[in-house]
Amino acid sequence: MTTTQQIVLAGGCFWCTEAVFDRVEGVLDVQSGYANGHVDHPSYEQVCSGRTGHAEAVRVSFDPARISLDDVLTIFFATHDPTTLNRQGHDVGTQYRSGVYWTDEAQAGVVRRVVDELAATAAFDAPIVTELAPLSSFWQAEPEHDAYFERHPYQGYCMAVIGPKVDKFQRTMARYLRKS
């Protein structure tokens, strides 16, 4: 019997984060959505307005016997910039904030430890500004956002932003790639 864990990660555009975690060994499912806002069932357009309080995020379901939460977080922090407040590249607004939203207190301890270790080792050139909080809400994004990169590899944003991010991940973190 497989025990599955879930954690919600906001690393800017959810298309980017989903494209990375879809390739990770031990990740069972990745769902794009909207986390920790104050509007029920928000639309993409509402979230993009910056007025709902949500972060574009992904819910990562993983098998902890195949990949640890530590490794999930290592991948997350290596594949986005956790030092820029409310932005990733040209994507600007609170909906593009960096965030980790845990589902239980055991995860909270791991998240805090990992962030403290990154800060103590000066892993980044600036302080980490990632929002760390319990998951209060997650609303799955509209179906057109599912597997966006896989379905639209030649769309401009995919070619300019997501493709290079996925290539870098595959090149620098090959040990985490799905084997099949």
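Below, the structure is looked at part by part. Keep in mind that what you see is a predicted model, and the values were worked out from it rather than measured.

Rules used in this analysis
- Residues numbered from 1 in each chain as written.
- Predicted model: local features only at pLDDT ≥ 70, side-chain atom pairs only at ≥ 80, totals over all residues.
- Heavy atoms only, no water.
- Axes fitted to C-alpha atoms, helices over the stretch in contact; angles between N-to-C directions.
- Helix = DSSP H or I, 4+ residues; strand = E, 2+ residues; numbered from the N terminus.
- Parallel < 35°, antiparallel > 145°, perpendicular 65-115°, else oblique.
- Left-handed = near helix turned anticlockwise from the far one by under 90°.
- Contact = heavy atoms within 4.5 Å.
- Buried < 20%, exposed > 50% of the residue type's maximum accessible area, 1.4 Å probe, protein only.
- Disulfide = S-S within 2.5 Å.
- Expected span 1.5 Å × (residues − 1).
- Bend = angle between axes of the 7 residues up to and from the residue.
- Polar contact = N/O pair within 3.5 Å; in protein donor to acceptor, adjacent residues only side chain to side chain.
- Nonpolar A, V, L, I, M, F, W, Y, C, P; charged D, E, K, R; others polar.

**Quick look at the packing of helix 3 (residues 69-78) against helix 4 (residues 105-120)**
Direction vectors running N to C along helix 3 and helix 4 enclose 45 degrees, while the axes themselves pass 10 Å from each other. On the basis of their axis angle, the class for helix 3 and helix 4 is oblique. Seen along the crossing, helix 3 lies across helix 4 with a hand that is right-handed. Across the interface between the two elements, Leu69, Asp70, Leu73 and Phe77 from helix 3 touch Gln107, Val110, Val111, Arg113, Val114, Val115 and Leu118 from helix 4.

**Considerations on unusual backbone geometry**
Not every positive phi belongs to a glycine, and Asn36 is a case in point at roughly 55 degrees. Counting through the fold element by element, Asn36 comes out in the loop between strand 2 (27-35) and helix 2 (44-48). Asn36 sits in the buried class, given a relative accessible area of 16%. Its identity is not glycine, yet Ala122 carries a phi of approximately 50 degrees, on the positive side. Within the element layout of this structure, Ala122 appears in the loop between helix 4 and strand 7 (131-134).

**Focus on the state of the cysteines**
If you walk through the whole model with that rule in mind, you get 0 disulfides. This cysteine, Cys16, is not joined by any disulfide, and Cys13 carries the nearest cysteine sulfur, 4.5 Å off. For Cys16, a relative accessible area of 4% puts it in the buried group. Cys16 supplies the cysteine sulfur nearest to Cys158, a cysteine that is in no disulfide, at a spacing of 8.2 Å.

**A look at helix 6 (residues 156-172)**
The α-helix advances 3.6 residues per turn, and as a result positions three or four apart in sequence lie on the same side. Across its 17 residues, helix 6 extends 24 Å between first and last C-alpha, which sits within 8% of the 24 Å expected from 1.5 Å per residue. At Ile162, helix 6 is bent by approximately 40 degrees, the largest bend along its length, and proline Pro164 sits one to four residues beyond. What helix 6 keeps buried is the set Cys158, Ile162, Gly163, Lys165, Val166 and Phe169. Between the side-chain oxygen at the start of helix 6 and the backbone nitrogen of Tyr157 there is a gap of 2.8 Å, and the oxygen is on Gln155.

**Describing the environment of Gln95**
Among the structural elements, Gln95 can be located in the loop between strand 5 (91-92) and strand 6 (98-102). A residue is classified by how much of its surface remains accessible, and Gln95, at 5% relative accessible area, is buried. As for Gln95 and Glu56, which are separated by 39 residues in sequence, their C-alpha atoms are 5.5 Å apart. Leaving out residues up to four positions away in the same chain, Gln95 has contacts with Val47, Cys48, Gly50, His54, Ala55 and Glu56.

**Remarks on the packing of helix 1 (residues 14-21) against helix 6**
One way to put it is that helix 1 packs onto helix 6 with a least axis distance of 10 Å and a crossing angle of 35 degrees. In the packing of helix 1 onto helix 6, the handedness of the crossing is right-handed. Contact residues: Trp15, Cys16, Ala19 and Val20 in helix 1; Tyr157, Val161, Ile162, Lys165, Val166 and Phe169 in helix 6. Residue composition of the contact of helix 1 with helix 6, by class: 9 nonpolar, no polar and 1 charged.

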